[in-house]
Amino acid sequence: MKISLLNFSNKQTGMRPALLHLAIASALALVSHVTLAQDKAEIIIKGKISDYATNQSLPGASIYIEGTSNGATTDANGDYSIVITDPNATLVFSFVGYDTEKRQVGGQTTIDVALIPSLEMLTQIVVTGYGEQKKTDITGSVSSLSPTTYKDQPVVTTSEALQGRIAGVSVQNVSGAPGGEVKIRVRGMNSINSSNDPLYVVDGVALFSAGLGDINVNDIESIEVLKDASATSIYGSRGSNGVVLITTKKGKADHTKVEYNSFVSFNTVRKKYDLLDAVGYAKLANHIAGSDIYPDPDALAGTGTDWQDVIFRTSVTQSHQLSASGGTEKTRYYISGYYVNQPGIIINTNQKKYALRSNIDTKLSEKINLSVGLFVSHQNSHNNTDAGDGGVSMVTPTVSWGPTESIYSSPGVYNRTSATGSPISSNPYMTAKERLNDAKSNTFLMSSTLKYDITDWLSYDLVLGVNANLGSSAYLTNHWISPTNPSSGQSSSESYTLQNSNIVTFHKMFNDIHDVKVTGVVEETSNTYKGISANGGGLTSETNGYYNLSLNKTQSISSSYSNWGLLSYVGRLSYVLKDRYLFMATYRIDGSSKFQGSNKWGYFPSIAAGWRLSEESFIQDLNVFTNLKLRGSYGKTGNQAVTPYSTLGLLDKSQSSYGTTTLYPGYTVGNPSNPNLKWETTIQTNVGLEMAFLNGKLSATIDYYVKNTKDLLLSKPIPYYDGGGSTLVNLGKVQNRGLEVSINGNIIETEELSWTTGLNVTSYKNKVVSLGGDDIINLGYQARGLVNTNIQVVKVGEPLGAFYLIPWQGIYQQNEGTHTAGEAKYEDVSGNGTIGSEDRKIAGTSTPKFTFGFNNNVRYKNFELNIFIQGSEGNKVFNATYAAISASNSTVKYPTLAAAADYWTPENTDAKFADPASLNKTQIESTQFLQNGSYVRLKNISLSYSLPKDMLKFASLKLTVSAQNLLTITDYIGFDPEITSTGLSTTGTSDAYGGFDIGAYPTAKSLSVGLQATF
Amino acid sequence: MKKYIAMAGLLFLSFSCSDLLTEDPKASLTTEGFYKTANDLDLATTGLYNLIGLTFNQTAGFASTFGADDMTANRDGNKADWSDFDIFRASSSNNLLNYWWVNFYRTIKSSNNLLANYTNAADATETELNNTAGQAYFLRGMSYFFLTRVWGEIPLVTEPTIDYTTQNASVEAIYAQIVSDLQQAEALLPDTWKDDSKRFQNGVNIAPTAGSAKAMLANVYLTMAGWPLKQTDKYALAAAKAKEVIDNKTKYGYALVDISILWKKENNFSSETVYGIYYNTNIAEFVYPNTNMMLLAYSPQDEGAWGDAYGELNFYKKFPSGPRKEATYQMVYYPGNDPTKAVDYTKTTYKHPYFQKYRDDAAFNPVNHVTSNWVGSHTVPIIRYAEVLLTYAEAKAMADGVDATAYDAINEVRTRAGLKNLTTGLTAAAFRDSVVVERGWEFAGCEPAARWFDLQRTETVAKANSYRDASEQALVGKPDDITHAFYWQPIPIYDQLLNTNLGN
């Protein structure tokens, strides 16, 4: 939320300055007429506290004697009485949402006070697309997040700050790696194949080359999330997935402030798998092999390696932010520097970030204001490209390597591969220590706005925005990782996104009751991406690391390029009648280079209306609501998140060396061209109710929405006999319906003690309505080898992320037909007499039924306690990591899971697992490995102590001790129910996949100590 | 004030560009502009070798030939999918079944596109056009030859198309297409690629030649003469084509090589290879289809390898001893890669002999049998000259009766194997049976000239399996040489789900 002081004079709400001064003057006059009392003894002061504007009494307002802790509160009628001994005492009158007033008693015995609603309440300004609006005038569903809500939680990224704090916004940390990817969804998932990432707009500039993770979270002044069509249609073809508007900090005139913020946290893996020891493992392996691979298992007691112990570590994260802000009425500044060092909880992984921001606002003249925001960051990632996929991840090898194996086969020589051939991956410790993969990323953001107030009702804004990323990466695959072909390579890329917006705003009040605002925008956005990479093989010397590619015997280069453009025309009309009837209409026309011919153009209208019932006398007479607003909206948004050239039918690169060491370029026909491809569009209807009670002590917002997405950009699979692959088509419909509730309370608010609480609950249902004639779309899948068919499908009537698995029915207790006792038992869904992928059926979804966040802040004197609980209910996770170590499969022959020793034998018939030596294999793609991903988590608990400036003279200090993810309640057996190997840019971002854990990088449990100093 | 507005206007103008909404994929080739030059044709055929490389670089596709009596697989751990073929219980959703289906059809798709468009290459000489089409016809014909032997009746796609309702073609129609494609290849391909720096390496042709096409055609005719078509008139055609290859072996550069070096890495480029798939791991970036995954696939778990399959006991016992047996099977095993603990196969974990045809590689250390990479560079021969000789011998005997040339052909292979000449005076049928047995020894283990295909065309699958050692994994399905049960695999479930017309 942005508090605007400047808008006070030209916004036609509530108080007008002249009236305000008059009110204060008459209040003072009233006071001076009261009879004076001279007695030194106890004096009883009585009075009434009321709202200045409405004259309504204010129950629960507080009164205290300045310099003491003696106080009182008003009763149900707003009356109070307080005893004083010093006739010269000063009384302090305060109430939430009102400016605090002080009165010298000066002999009075009755002091009535009319409190003035605070400016904040009256002029809360919310940043909306291409402008800003008074919060009270908003007709759309817009949620705001202020840094004060997460101020005592050590956060490295903006997504951490968002998680669990806004109804309708889901944040999932899909990888626990430092700088690991995060999946953020606003109101569910519309698109099957295209991205469902919201649009991020920082200070008016839409991000493309940079992501949310590149922004320095400490620079954020406010975050607004636009959720319904009334709010997002203004972003047209980029609005379908919601829009996150970020406003960065600015300096305040005559208020120089230097602030230092820092924390150190100690991170450990949340939970480890319970694995077999060497003896148990050897016995199980012997049983599976049917021969004594380990001749004397019991002799192995106390030997071998605990691979989890050698791979996971306690890491120490350090974060430092130093900022200075201030300025004059004419020129204001905010400058910050940031450094964070974040080693991962897996050995030899790390990320460091450095960032600098400079926000300057200056008045060039009375009518022209120039704001320039510049941000640069440098990020250094070391071995943290852990995608979570079976092949790349450290995690699956760590838990699947036999405890009988040693790290080294002789001093200084790694035990590269397992003696038994199980698992097929290399020694995880060797891989962790010897791999070398460094990535550097430089982000540059510029947002400059030239604002020209042509008259007091007409203004022009020119916004020029740049977001750019220069990235480079390099790797060395040494002789340990690849004894026969050590190699090295480097790559670099540059991505520039340029934005030019021209905004004309007309804003005028007619006859004191018609508030009309019209906004027109012409905008151009374009992106250019270039990449180049050079790789070598047969590295003759590792002395130069990855710096000397010419040491490679064979070398290859490749390059890539893409470009897209978007031309947009936007109009918005907002009309407010008598401060209570609100209307809004927006229209955006977008032209995109990604489509062909007339399909290039998309049209995105929206309408909305609101009614501030609390302004009506029949509601005011109820004396219940401080605020009551009903609003509704309807509108259309689009999704053009296909990659450039998707319609052109590109050829696939497909090299061959003809048996030599030289790779020759080759091409094969890829997916067919598709000039008829068009926008995916979403029509959203939203109804919302905003309420506040007890003078704002308690407030609630309820929103219900229905989103219908049609013309889905779908990859329709082509039969293998026609060459396979897929073709992008506009097919099908997806519906999202949801209910969002957020409740905020200032339960206690006194000088010494306060308790604020916020609860938000999001519930939504996602359903595939149609697939254009098909009933089911089989998706691609990960962890090939372990998993041999897709375990998730897109099916009509089911949600995205629906699992499609063979129903597991336990274990055969007797021989039955071709099945022998001890074998895993499955439902023969197809009835064809055999068990296989034809027997899969729908088995739950990775989409939660509801998610929630519950935040509590309790302050007592200088102590402050924050407890933040967050959770997810009703989602399933396919735990492929668990499957890989509990049953024999193509990558792991001998299971390592402790529970795997509990297999069926005639003597152990209620065993957890089938007999691993049985004829019929355990089907990995079965419901046996689908687990409940619901969880409730103590995300943050922190205690802070503030030392005010007058104690330390030079600065105010705040010390915070906190813990993150201290407690998680879940049935999930793996490292963490929240992480998943899907939804990563490296593995495909379709939301039709989700809740699939194959060695995903675990999240950490952290203990942190923070320091904040303000000078 | 005005100057600021002018500035703003200028900025806006400088930003604008007329082609904001026009796409120009500067770094990517599109189908539209492709096949226009001779160089495009070269890029497209190189792409085909990538696809065919992928098809043969692992055991997954070969699994459908495991029903023969030369190989078997254990079921423990991850081997059940291989074993399912061996014991005749592979279903349409067997995880390995899809591999050849997908990759042969991908090759066919790219060949179809090339054949539909190659004449658009304006600057290509007639030779370049012929060479291009010849390679595409050869690979398409070969792909269908493998596909129909594994699956029988399948979709016959010869043009770039996407059709969700295609019906299966008859086996006759598929063979007619194979013959036509290979005849085209024979006519269009050169005798040698000597002047092509890519397709001729280390003195051998990497790409197929007219000789490869004739040899393939001979194999096709021989198969057509057996089950299921039983067009016995094709024996003569098979013999004639094989003879053309034998008579011109110098021209094409074919010869048998010494058996002791046949499967060595030094022989990766071999005069014995009539057509082969070539791999190399020592390339600048990892291109999976350019590497061969078979070096660990048939080697013992005891030595840290995968052991996807090993030799069937009875077949091994009957296998005539001598240099060929020693080149085919691993004779000495080092459990735990410890040479001081050398044992024979009876002391290995699974007590079966392992094949070593693809094992010799830069990544393999013969001292301790450590394999330091999971991919290698070993060539996979599709047709060896030995097969041409044996095809000739069998076809000649069946077409015109046994004669000296037929004996010469088989004896050339036997001599190289260290065996005596074949008993003289055999009837055509007995001679044919001897050749089939000889082929079994010669191509045992995972060669594309799989024993499975011989058993199938001679309707002896059940018969061969009846000799299965009692200690082997028991058969679940019962193959039948009369009803031909289990002779063909079910069409993979994925395509059956996309096109219900394919159900079988």
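Overview of the structure. (Residues numbered from 1 in each chain as written. Chains lettered and ligands numbered in written order. Predicted model: local features only at pLDDT ≥ 70, side-chain atom pairs only at ≥ 80, totals over all residues.)

**Looking at the overall build of chain B**
Stage number 1. Per the secondary structure count, chain B includes 20 helices and eight strands.
Stage number 2. In terms of overall dimensions, chain B is globule-like: its C-alpha atoms have a radius of gyration of 25 Å, near the 23 Å expected for 504 residues.
Stage number 3. Across its three principal axes, chain B shows a C-alpha extent of roughly 105 × 55 × 50 Å.
Stage number 4. A burial count over chain B gives 58% of its 504 residues as buried.
Stage number 5. The long-range share in chain B, meaning contacts at least 24 apart out of those at least 6 apart in sequence, stands at 70%. (Helix = DSSP H or I, 4+ residues; strand = E, 2+ residues; numbered from the N terminus. Rg over C-alpha atoms; globule rule 2.2 N^0.38 Å. Buried ≥ 20, exposed ≤ 12 C-beta atoms within 10 Å, placed from the backbone. Contact = placed C-beta atoms within 7 Å.)

**Things to note about the environment of Gly276 of chain B**
Stage number 1. Tracing the chain through its elements places Gly276 of chain B in strand β4 (residues 273-277).
Stage number 2. Setting aside residues no more than four positions away along its own chain, Gly276 of chain B makes contact with Thr379, Val380, Pro381 and Ile382 of chain B.

**With respect to the sheet that holds strand β41 (residues 776-778) of chain A**
Residue and element names in this part refer to chain A.
Stage number 1. Ordered by their spatial adjacency, four strands build an open sheet running β41-β42-β43-β46, and the pairing between neighbours is antiparallel. At either margin of the open sheet sits one strand with a lone partner, and together these are β41 and β46 (841-845). Strand-to-strand twist across the sheet, computed as the mean angle between neighbouring axes with direction ignored, equals 45 degrees.
Stage number 2. Pairing between strand β43 (residues 802-805) and β46: three bridges, direction antiparallel. (Pairing = 2+ DSSP bridges. Axes fitted to C-alpha atoms, helices over the stretch in contact; angles between N-to-C directions.)

**Overview of unusual backbone geometry**
Among all residues save glycine, negative phi is the norm, and among peptide bonds the norm is trans.
Stage number 1. Looking along the chain, the bond that leaves Trp227 of chain B and enters Pro228 of chain B is cis, with omega of 5 degrees.
Stage number 2. Tracing the sequence through the fold places Pro228 of chain B in the loop between α8 (210-225) and α9 (234-247).
Stage number 3. Of note, the phi angle at Asp512 of chain A is positive, near 60 degrees, even though the residue is not glycine.
Stage number 4. Tracing the backbone through its elements, the reader meets Asp512 of chain A in the loop between β27 (487-510) and β28 (514-539).
Stage number 5. Classification of Asp512 of chain A as exposed rests on a count of 9 C-beta atoms within 10 Å.
Stage number 6. Even without a glycine there, the phi angle at Phe486 of chain B is positive, about 70 degrees.
Stage number 7. Secondary-structure assignment places Phe486 of chain B in the loop between α19 (461-465) and α20 (493-498).
Stage number 8. On the basis of neighbour count, Phe486 of chain B is assigned to the buried category, with 20 C-beta atoms found within 10 Å.

**Here we look at the packing of helix α2 (residues 38-56) of chain B against helix α5 (residues 97-117) of chain B**
Residues and elements named next belong to chain B.
Stage number 1. Two numbers describe how α2 lies on α5: the axes approach to 9 Å, and their chain directions differ by 170 degrees. By the angle between their axes, α2 is roughly antiparallel relative to α5. Listed contacts from α5 to Ala44, Gly47, Leu48, Leu51, Ile52, Leu54 and Thr55 of α2 are Trp100, Asn103, Phe104, Arg106, Thr107, Ser110, Ser111 and Leu114.
Stage number 2. Its residues assigned to classes, the contact of α2 with α5 shows eight nonpolar, six polar and one charged. (Parallel < 35°, antiparallel > 145°, perpendicular 65-115°, else oblique. Nonpolar A, V, L, I, M, F, W, Y, C, P; charged D, E, K, R; others polar.)

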